[in-house]
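# Notes for the structure review
Chain by chain, the residues:
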Amino acid sequence: MLAALAVEADPEQPLDVGGLDMELVDIFVEEGGDLLDHSDGLLARLREVPEDRDALTGLQRDLHTLKGGARMAGIMAVGELGHVMESLLEAVAEQRQVLGRDGVPLLEQGFDRLHAMITRVGEHQAIAMPDALIAEFEARARGVTTLGATDSTDAQQPAAVEPQRQAEPAPALRPLSEPIGDEVLGDDDEITVRVPQEQVRIRADLLDRLVNYAGEVAIYRARLEQQLGAFRAAISEMAQTNTRMRDQLRRLEIETEAQIVARYQRETDSGEQAFDPLELDRFSTLQQLSRALSESAADQGSLQQTLDDLTRQYETLLLQQSRVSSELQEGLMRTRMVPIDGMLPRLRRVVRQAAGELGKHVQLRLEGSQGELDRNVLERMTAPLEHMLRNAVAHGLETPAERRKAGKSEEGSIRIAVRREGSEVVLVVGDDGRGLDRDAIRRRGIERGLIGESAALADGELDMLILEPGFSTASEVSRLAGRGVGMDVVASEVHQLGGSLDIHSVPGRGVTFTLRLPQTLAVTQAVFVKIGETSFAVPIASVQGVGRVARDVLESASPTYEYGGEEYAVHDLGELIGHAPAKAEGHLQMPVLLIRSGELRAAVCVDQVVGNREIVVKTIGPQVASVPGIFGATIMGDGRVVVILDVAPLVRRRNALPRDVVIEPPQVVESRRVPLVMVVDDSVTMRKVTGRVLERQGFEVATAKDGVDALERMAELVPDLMLLDIEMPRMDGYELATQMKGDARLREVPIVMITSRTGEKHRQRALEIGVNRYLGKPYQEPELLRNVYELLGIEQKHD
C-alpha cells in the first residue's frame, strides 16, 4: 500500500482546466485543506479509541462535505475517493462492517492521498483517479479484504474531470466564513466557545505591513513623548526666567523711586522747587517704561501659564493615544496568532509516511496544543519540526524486532508537548527510542576536527555536536537521513527566532528536545545594558535576572555566580562582542546579566543595566544578520538604533574554544576622549548659543542654570572645562568658582568666566579666585574657541 501514498502523476503535467470554474476550484482547495486538517484530529482520536462513534460521525460529515465540494468544483477524482471512504465509515457506523486491525491505517492512507491530491490541484497540477485505492475501500465497505492493493498505474490516468460514478447529488460548497467540523451536535453533545462568527480572510503580507505600521506608530509616539518632555523642561526654564525678570523689575522700580526721591530732596535743599516730582518728564518716562515692562512680564507669565496648560492637555492626549495605540497593536498581534494545532495534521502525515518507508510502527502523541503562536514563528518552525520528527523515526526509534528484544512495545512513541512559560512558548519533542549514540557522536566529532581526541566533554556538551552543520552519525545515506542536514537547520532557525534549543538524552529510553520560542516576533520586552557608551538590548526571554558580583571574584581562574541554587559562569560582554572589557567605573561591584538558554548558565558583566522596556523588533540586512549573536535591531524614541543581542551563541562560541588556549584580551587603542565642557549661565539663550558653538566643534556639552545646579551636576560628572557667568540666582559665578577651587575633585577644572561685568575690579577678583580666562559679553566666537582649545591643550580645528 506504500505506492498509494504517492501521487505519481507527472509533476510537469498541468491540470486540465477545460470546463472548470477556477475561482470555484480555488475556493474548494482552501476549504478542502481545512476539512482534511480537522479530519486528521478525528482520525487520531479514532486510532486511540476505535469505537469512538463521535469521531466516526465527524469523519463521515467531513468526507461528505469534501465529496460534495469536489464534485461541485469538477475535481471528480477527489470526489470518488471521498465517496468510497464515506461509504466504509457509514457501514461501520451502522455496524454492518468493522474496521478491523488495519482499518485505521487504511483510512490514514486514504486521507493522506486526499491531501496530496488537493495540494496538487491547488498547484494547478494534474491528478490521477486512484482506482486501486477506491477498489480497496469499496471492497472493505462490502466486507471483502484485498491484499497488496496499489496505485502504481494511477499516474497514467489523469482524471481532473471525469463522469461521476454515483448518481448522488452534490451538495453546494459551504461559505468560507462557516465553521467546519463540529458544527452539528448530537443529542448527547455538550452545548458550548459555538455561535458562528463572521470571518475575514486577508493576505498575510498585508497583515504584516499593518503590524509594522503599528510598530512605527509606537516609535513615533516614543519620540513625541521625548520631545514633549523636552518642551516641558523648556517651559520650566521659561518660568524660572520670568521669576528672575520680575525680581529684576521690582528692584528696578525700587531703585528708580529712590533716585527720584533723592533728586527731589536735593532740589528742595537748594531751594529750587519749580516742578513737583510728578511733573518731571524724566520721572514720567521712567514710570511709564517700568510699568510697561511690568505689564510685559505679566503677559509673558500669562503666556507661560497658557503653554503649561496646553502641555498638560497634550500629555493627557498622548497618554490616551498611547493606550489606543497599544490596544491597536495588541489587536493586530492577535490577528497574527494562529492555533498551534493547525500544523499537527501535517506533522502526523510526516510521521506516518516516514514510518511507512522504514517499516516501523509509530504513534504521535500530542499534549497541550490548544494554544496560539505568531503565524511567522509557526510557519518558520514547521519545517524544523518535520526534520526532528523524521530524525526521530529514522534515528531514534528502533525497528519492531529491536523493540521486542529491548522489552518495549513494537509501536514506538513520539511526543509533542506545548506549554506557555511567561512570554515564551515551549515545544517539547521526545521519543522513547534508543537515545543518542554518544560514542558515535564522539567519533564523528573527532573525525571532523570539532573536538580533540583527549577532550573531556560533559554529556550535554557532546550532545550539542549534533547541531553542527553537516553532522551525521548515519552509516549510509537514505531518503530520510544520513546527509548531515537537519538538526543544524533546526538550531539555526530557533536561534534566528530568538529562541533556544536544549537536548536531553537517556540511553535506551529516548531523547527529548526542548525548544523555547518567543510568542511573537514583532514586539518584545528587552533589558537595556551599556558597554562603554554603547547601548544594547537583550530579549528578556533569555534573562533570568540581574545581579552584582564582587570584583575580587572576577580575579579567580573560573569565576562563578550563584543564583537560584544554580551556578552561572561569569563572562564579560565587552570581550564577547569584541569591545573593551566592562569596567563599571564608580561601582563597588560589577553589574551582571544572568542568561539562561537550555543547559547554558552565564552571568555576563556589563558597565550598566539601564532597565527594561517594550521594543519593536526590526529586521536587519543579511550582512549583519549573519554575524553571530545579533538578533535584530530596534529604534529608540530619540531615533537611535540599538542592536538586539542574542547572548547565548556568543557564550557558546567562547566556550567552544580549546580550554588550553589562553585568550589575550583585545588590545584597545586609546582613542582621544571627547572633552566635556560645562556651560553655566542663567540665560537660556546663552546656554543654547554657546552649546551649539561647542557641539559644532565636536565637544560634548553639559549645561547648568546657576551655581547650585552646576554643583549638583558635577556630583555625577567632572567636566574638562567650564564656561561660567557671574550674575546668577542662588549661587553666582564667584561663589561657584571659590567652591570648585576648594574641592579636590574639581580643583583642576579650567574656568573661563564670560560676563557683561568687564570692569577691572571684577576681572581682578576672578583671577584672585583662580579663574583661568576672563571674557566679556558678547564674546567673539573665534576668541572663545581659541581659549577653549588652549586650556584643553588640544590643537584647534580649522574648517
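Residues numbered from 1 in each chain as written. Predicted model: local features only at pLDDT ≥ 70, side-chain atom pairs only at ≥ 80, totals over all residues. Heavy atoms only, no water.

### Thoughts on the packing of helix α1 (residues 22-48) against helix α4 (residues 103-122)
Closest axis-to-axis distance for the α1/α4 pair is 10 Å, and the angle between their directions is 160 degrees. By the criterion of interaxial angle, the relationship of α1 to α4 is roughly antiparallel. Considering only the axes of α1 and α4, their crossing is left-handed. Contact residues: α1 offers Val25, Phe28, Val29, Gly32, Leu36, Ser39, Leu43, Leu46 and Arg47, while α4 offers Val104, Leu107, Glu108, Phe111, Leu114, His115, Ile118, Val121 and Gly122. Residue composition of the contact of α1 with α4, by class: 12 nonpolar, four polar and two charged. (Axes fitted to C-alpha atoms, helices over the stretch in contact; angles between N-to-C directions. Helix = DSSP H or I, 4+ residues; strand = E, 2+ residues; numbered from the N terminus. Parallel < 35°, antiparallel > 145°, perpendicular 65-115°, else oblique. Left-handed = near helix turned anticlockwise from the far one by under 90°. Contact = heavy atoms within 4.5 Å. Nonpolar A, V, L, I, M, F, W, Y, C, P; charged D, E, K, R; others polar.)

### Remarks on the confidence of the model for the protein chain
Taken over all residues, the pLDDT of the protein chain has a mean of 78, while the share at 70 or more is 82%. Confidence drops under a pLDDT of 50 for residues 659-663, and excluding neighbours within four residues, the segment shows four contacts in the predicted structure. Note that pLDDT drops below 50 for residues 665-671; the model gives that stretch three contacts with residues more than four away or on any other chain. (pLDDT = per-residue confidence, 0-100.)

### A few points about the sheet that holds strand β11 (residues 560-563)
As summarised here, the arrangement of the five strands in space is β10-β13-β14-β12-β11, forming an open sheet in which the pairing is mixed. Edge strands, defined here as strands with exactly one partner in the open sheet, are β10 (543-550) and β11. Shown here is a sheet whose adjacent strand axes are inclined to one another by a mean of 35 degrees, direction ignored. Across seven bridges, the pairing between β10 and strand β13 (residues 589-597) is antiparallel. For Gly547, the partnering residue across the bridge sits in β13 and is Val592. Of the strands in this sheet, β12 (566-572), β13 and β14 (600-605) are in contact with helix α17 (residues 647-655), which crosses β14 at around 100 degrees. (Pairing = 2+ DSSP bridges.)

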